[in-house]
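Coordinate analysis (summary)
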Amino acid sequence: MITKSGGEYSYLTEAFGPIVAYLYSWTTIMVLKPSSFAIISLSFAEYASSSFYPGCTPPVVVTKCLAAAAIIMIVGVNCLSVKLASYVQNIFTLAKLFIILVIIVAGIVMLAKGNTENLSNAFVGTSSSFGAIGLAFYNGLWAYDGWNQLNFITEELKQPSRNLPLAILIGIPLVSVCYVLVNVAYFTVMTATELLLSPAVALTFGDRVLYPVSWIVPLFVVFSTFGSANGSCFTAGRLAYVSGREGHMVKILSYISLRHYTPAPALMFNGLLSLIYIIPADINTLINYFSFAQWAFYGLTALALIVMRFTRKELHRPVKVPIVIPGLIFLVSFYLVLAPIIDKPEMEYLYCSIFIFSGLLLYYPFVYRKVKWVCKLMRPITMYLQLLMEVVPPDKTQ
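Here goes a summary of the coordinates provided.

Looking only at helices and strands, the protein has 15 helices and two strands in total. When burial is assessed residue by residue, the protein has 44% of its 398 residues classed as buried. For the protein, contacts bridging at least 24 residues in sequence account for 77% of all contacts bridging at least 6. In the structure as shown, the protein presents an accessible area of about 20900 Å², 71% of it carried by carbon and sulfur atoms. The positive charge centre, built from 25 side chains, and the negative charge centre, built from 17, are 13 Å apart in the protein.

The following block contains the structure:
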């Protein structure tokens, strides 16, 4: 229906106007996308270094340096070539599917041997409170996040009206089944406590089940996390690019590399923020508190589909889903946003909300009013960065 890249940003713009879309791009570009890239890179670093520190946790400085190196390498690949980035994604996705298959088959073998005690009482001692379920969904659904990534590159897809829904219909059930079976496999040899305490769950599983060839687990998990980080970087750069093109971010982010035809400034900006986010000790806390914002925007995007069903009837809809589906997603998102806050209100949620709406302090003078002195200030800076990175406005690459 919406043929522009940018994912939720484009839908929010069409349904609710520029302010809601700006707040989404502000929150996602500045926090959600780079912090997600940083977390995946840290996971890559933990698995990559764990084999060199058997029996103990790798030093934090080693993990963070490896994560920083991965971020720089991935950003470099994406800046050099779209085709190279897509080849990297395809190769490492195959590696991910291979190790998932190995873990699932090993889990089936352990189940056949009768290792079911951890599954029989898996929910003993857990909380079923209104807010605890919401927080559990935050962590679980973050692992499944990625179902919307193709929408960020709609303009670059071949036959998007066919390939986009086809990829979603195949990808989401496949990922759901694989991830559930992998977790079942983990519980055949690990208790819930051991799973929570393990810094690298797949590595612990491999040591207990696949020895003496357990080394394949950390190797292929490294491949898997590298591929996930590459996908995160690929799509995050497109959101910054589209937002810059629409005037909601600085114009330089919408520029394209003259040599490689990639949104290099947007990719570099996302990489720079990700490097900053690997510095804090506990970035997972940041994700927990900002996940409510992510689901608020998911809910608004689902509501946008309902709104446009009545306000934009003229739009061509190659795939038209029953209106009850976006309605259900909106209600679920509404629950996920409010449940943790009602059950256990904390000041951090207020701080996150203040950060989100603080974007309006920049929107009014710099985006809406376009004050002249800012334009004069940014013009030489943009020109210098344009010469430095050899980038041009997108219309100049045609």
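After that view, the rundown keeps rolling.
The next subject is the layout of surface pockets. Considering only enclosed or pocket space, the second largest pocket measures out at about 870 Å³ in volume. Around the second largest pocket, the lining is made up of 31 residues, and of these Met 249, Val 250, Lys 251, Val 374 and Met 378 lie nearest the centre. The biggest single contributor to the lining of the second largest pocket is helix H15 (residues 372-389), with ten residues. Of the residues contributing to the lining of the second largest pocket, the split by class is 25 nonpolar, three polar and three charged.

Next up on the list: the pattern of salt bridges. Under the definition given, this model contains seven salt bridges. A salt bridge links Arg 238 to Glu 156; the shortest N-O distance between them is 2.8 Å. Here the residue Arg 238 occupies a position in helix H10 (residues 216-245), and Glu 156 occupies one in the loop between helix H6 (130-144) and helix H7 (160-187), the gap between them amounting to 82 residues. On the accessibility criterion, Arg 238 (1% relative accessible area) is buried.

Bringing empty space enclosed by the protein into the picture now. Tallied over the entire structure, the rule returns two cavities of 30 Å³ or more. By volume, the largest cavity amounts to about 40 Å³. Every residue along the wall of the largest cavity is listed here: Lys 4, Tyr 9, Ser 10, Thr 13, Glu 14 and Glu 246. Of the residues in the lining of the largest cavity, the class split is one nonpolar, two polar and three charged. Roughly 30 Å³ of internal volume is contained in the second largest cavity. Residue lining of the second largest cavity: Ile 29, Lys 33, Ala 236, Ala 240, Phe 269 and Asn 270, and that is the complete set. Of all elements in the fold, only helix H2 (18-50), H10 and helix H11 (264-277) reach the threshold of two or more residues within the lining of the second largest cavity. A breakdown of the residues in the lining of the second largest cavity according to their chemical character gives four nonpolar, one polar and one charged.

Time to look at the environment of Ile 256. Secondary-structure assignment places Ile 256 in strand S1 (residues 256-257). For the pair Ile 256 and Val 124, spaced 132 residues apart in sequence, the C-alpha separation works out to 54 Å.

Let us now look at a nonpolar patch on the surface. Side chains of Val 319, Val 321, Val 324, Ile 325 and Ile 329 sit close together on the surface and give an oily, nonpolar patch of about 410 Å² of accessible area. Secondary-structure assignment places Val 319 in the loop between helix H12 (283-311) and helix H13 (324-343). Take Val 319: its relative accessible area is 49%, and that puts it in the partly exposed class.

The rules behind the values
- Residues numbered from 1 in each chain as written.
- Predicted model: local features only at pLDDT ≥ 70, side-chain atom pairs only at ≥ 80, totals over all residues.
- Heavy atoms only, no water.
- Helix = DSSP H or I, 4+ residues; strand = E, 2+ residues; numbered from the N terminus.
- Buried < 20%, exposed > 50% of the residue type's maximum accessible area, 1.4 Å probe, protein only.
- Contact = heavy atoms within 4.5 Å.
- Areas by Shrake-Rupley, 256 points an atom, 1.4 Å probe, with all protein chains shown as cover.
- Lys, Arg positive; Asp, Glu negative; His and termini not counted.
- Charge placed at Lys NZ, Arg CZ, Asp CG, Glu CD.
- 1 Å grid on protein atoms, 1.4 Å probe; cavity = no way out; pocket = protein on both sides within 12 Å on 5 of 7 lines; lining within 4 Å.
- Points joined across faces, edges and corners; volume = space filled by probe spheres on them.
- Nonpolar A, V, L, I, M, F, W, Y, C, P; charged D, E, K, R; others polar.
- Salt bridge = Lys/Arg side-chain N within 4 Å of Asp/Glu carboxyl O.
- Patch = residues over 30% accessible without salt bridge, like charges linked within 9 Å, V, L, I, M, F, W, Y side chains within 5 Å.

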